[in-house]
Amino acid sequence: MNIWKAYTNKINKNCVGSGTVKDMNYWRNNLFTWTIIYLLPFCLIALIPGIYFSLVTHHYVLAIIDVLTVSAILLIAFVPGISLLVRKIIFFSFTIILSCTLLLYLGLPGPGLLYLLAACTFGILIFPTAYTFWPAWIITFICILFGVALYFDVIVLPRQELAPASEWVAVSSNLVFIGFLLAALIPRLFKGLQETLNKENELKEVLRKQQDELQQALNLVQQKNHELEQFAYVASHDLQEPLRMITSFMGMLKNKYGDQLDEKAHTYINFAVDGGKRMQNMISDLLELSRTGRGDSIKEMVALGDIFNETRHNILKLIEENKASIIVETVLPVLPLYRGDMGRLFQNLLRNAIKFRRKDNDPVIRISCTEQYDNWLISVADNGIGIEKDKFEKIFEIFSRLHAQDTYQGSGIGLAVCKKVVEQHGGTIWVTSEEGKGSTFYFTIQK
Ligand code: ADP
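So, a few notes on the structure that sits alongside this text. Numbering of residues begins from 1 in every chain and follows the order in which that chain's sequence is written. For a predicted model such as this one, the threshold for reporting local features is a pLDDT of at least 70, and the threshold for listing and counting side-chain atom pairs is 80 or more; totals across whole chains, interfaces and linings nevertheless cover every residue. Note: side-chain values were computed over all heavy atoms of the structure, leaving out hydrogens and water.

### Some remarks on the overall build of the protein
- Put simply, DSSP H or I for four residues or longer makes a helix, DSSP E for two residues or longer makes a strand, and each gets a number counted from the N terminus. Check the secondary structure of the protein and you find 12 helices and 7 strands.
- For the protein, the C-alpha atoms occupy an extent of roughly 140 × 45 × 40 Å along the three principal directions.
- The burial tally for the protein puts 37% of its 447 residues in the buried class.
- Contacts between residues were defined by any pair of non-hydrogen atoms, one from each residue, lying within 4.5 Å. Taking contacts inside the protein between residues at least 6 apart in sequence as the whole, the part at least 24 apart equals 72%.
- Averaging the coordinates of the 43 positive side-chain charges in the protein and doing the same for the 42 negative ones gives two points 3 Å apart. The buried label goes to any residue with under 20% of its type's maximum accessible area, the exposed label to any with over 50%, and the partly exposed label to all in between, with areas taken from a 1.4 Å probe on protein chains only. None of His or the chain ends enter the tally, which takes Lys and Arg as positive and Asp and Glu as negative. To locate a charge, the coordinates of NZ of Lys, CZ of Arg, CG of Asp or CD of Glu are taken.

### Quick notes on the site of the ligand
- Definition of nearness: a residue and a molecule or strand are near each other if at least one heavy atom of the residue lies within 4 Å of the molecule or strand. Residues in close proximity to the ligand total 21 residues, the closest being N352, D382, R401, S411 and L415.
- Two N or O atoms count as a polar contact when they lie within 3.5 Å, although within protein this holds only if one can serve as hydrogen donor and the other as acceptor, and sequence-adjacent residues are included solely when both atoms are side-chain atoms. One of the side-chain nitrogen or oxygen atoms of N352 is found 2.8 Å away from an oxygen atom of the ligand.
- Contact between the ligand and D382: a nitrogen atom at 2.9 Å from a side-chain N or O atom of the residue.
- Areas reported here follow the Shrake-Rupley algorithm with a probe of radius 1.4 Å; residue values treat only the protein chains shown as occluding. Protein contact buries 98% of the 530 Å² of open area that the ligand shows by itself.
- Going through the elements one at a time, α11 (339-355), α12 (414-424) and β7 (438-446) are the ones with two or more residues in the shell around the ligand.
- It is α11 that provides the largest number of residues to the shell around the ligand, a total of 3 residues.
- Gly is placed with the polar residues, together with every amino acid not listed as nonpolar (Ala, Val, Leu, Ile, Met, Phe, Trp, Tyr, Cys and Pro) or charged (Asp, Glu, Lys and Arg). Here the residues of the shell around the ligand sort into 9 nonpolar, 9 polar and 3 charged.

### Considerations on the side chain of T247
- Position of T247 among the secondary structure elements: in helix α7 (residues 165-257).
- Here T247 falls in the buried class, since its relative accessible area comes to 14%.
- Apart from the residues lying within four places of it in its own chain, the contact partners of T247 are V273, G276, K277 and Q280.

### A look at helix α3 (residues 60-78)
- By this rule, a helix spans an expected 1.5 Å times one less than how many residues it contains. Taking 1.5 Å as the rise per residue, α3 with 19 residues should run 27 Å; its terminal C-alpha atoms sit 27 Å apart, in good agreement.
- Restricting attention to buried positions, one finds in α3 the residues L62, A63, I65, D66, T69, V70, A72, I73, I76 and A77.
- Considering only its buried residues, α3 is in contact with α1 (2-14), α2 (24-57) and α4 (84-106).

### Side note on the environment of F392
- When you line up the elements, F392 lands in the loop between β5 (375-381) and α12.
- Exposure remark for F392: the relative accessible area of 16% places this residue in the buried category.
- Considered as a pair, F392 and T432 are 40 residues apart in the sequence and their alpha carbons are 7.1 Å apart.
- Excluding residues that lie within four positions of it along the chain, F392 makes contacts with I387, V431, T432 and S433.

### Structural notes on the state of the cysteines
- Note on terminology: disulfide denotes any pair of cysteine sulfur atoms within 2.5 Å. Across all of its chains, the model carries 0 disulfides by this definition.
- Free of any disulfide, C15 has its nearest neighbouring cysteine sulfur in C43, separated by 13 Å.
- Classification of C15 as buried rests on a relative accessible area of 2%.
- C43 gets classed as buried once you look at its relative accessible area, which sits at 15%.

### What about the nonpolar core?
- Buried Ala, Val, Leu, Ile, Met, Phe, Trp, Tyr and Cys residues that are joined via side-chain atoms within 4.5 Å together make up what is termed a nonpolar core. Counting residues in each nonpolar core, the largest one holds 44 residues, and the members touching the most others are F32, I36, I96, L116, F146 and W168.
- Breaking this core down by element, the ones donating at least two residues are α1, α2, α3, α4, α5 (111-126), α6 (134-151) and α7.
- Setting aside residues up to four positions removed in sequence, L116 forms contacts with I96, S99, L103, I139, I142, C143 and L175.
- Residues L337, F396, C418 and V422 belong to the second largest nonpolar core, which totals 41 residues.

### Side note on the pattern of salt bridges
- Each reported salt bridge corresponds to a side-chain nitrogen of Lys or Arg within 4 Å of a carboxyl oxygen of Asp or Glu. Taken as a whole and assessed by the stated rule, the structure comprises 18 salt bridges.
- Residue R358 pairs with D360 through a salt bridge whose shortest N-O separation is 3.0 Å.
- Among the residues examined, R358 registers a relative accessible area of 21% and is labelled partly exposed.
- Of the charged contacts in the structure, one is a salt bridge between E388 and K391, with a shortest N-O distance of 3.6 Å.
- Three or more residues are tied together by salt bridges with common partners; here these are E205, R208 and D212.

Printed below as a string of structure tokens:
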């Protein structure tokens, strides 16, 4: 196998042509190289019976031409420093010479004709497109030459009685016809292939450009997104301190000077403290949003059941105060997850399911999980107040709330966090709900 590889490499190196893979001349050169690669062992083998036949029939010229042709092919294959066109011309000339010798020594309707056709076909295949008709003209010229020589008895052929000049016209005109037919057809095939290749390359180029543009746009979006997250993180982090000062000094004002203030002043201070607290909640929710998916955590195989239990433990007080029951209806799977973020997702959904409860019943929350083709589908269903149908998408937007603060408190960030977490896990989140009956939040997680 290695000898074959070394052999093909050597010939490929010597017969190297110009052009790229996109170019049809490249394929013509390639075809020529591989013709030489395959032809060489065959003609070495064919040389043995050829020489034997020549010696037995005393056609020594045939043996000499045979040996010369094989030597020419060896030269084309192994001698470096010769241009590819010269190699092609040598190859074509020797096949023509061999054809003529065979015509002369073995008679006109013999193997010489086949060789002439083969020479013409090789010529059409290997020479550049501009020269396609040359091989056909050359064999036409040879046919005419033989016809004239026969007619004027310039040559006397063995078994000439089998092919008088008149028959030669019939035989050779067929050869010429086939030669021209091939000269017209083969380039058509090449042209078709070239056009297909060009189209494919153009499409590839367009695709590559579009991919580049898309990648650039993606990089820009990612960069902006990162900057925005960084901004939200820094802003919310730095806002906390002055806010804490305001609320604590308000508290001190109330404690120290409370007895000197009238009722209106007390109301104002309460408003200010209340607003401060709300703002503190909003800031901590914003911080939570900007922390989600910051990329400093790694995915690990975690039992979703464990995350759920931890979450339930974290909000136990809220559950007990509201007499909420949480029912896990199916076994929860083990999945590759960002542990902290998945905890936030569960916590926000459970908190909402309890917060948006109906006054006339205790909250019942059902959690279940179904395996799909390449996802897990998880649902969290409650028996709360429900959501209007036209708000199903809006509630996942940041700061989007459906109720006044004095009815249900909140920042409108919880579900935006959920959405971010789910998308980070390659999934989607949505809700179905019936007003006054309850809501079911669904999300998928890629397996
Ligand atoms: P917040 O809870 O702080 O208001 P969220 O982003 O968590 O913000 O929720 C956005 C809005 O979606 C809520 O204000 C509420 O109107 C609605 N919502 C969320 N969960 C539920 C639920 N389980 N039942 C009814 N409404 C809900």
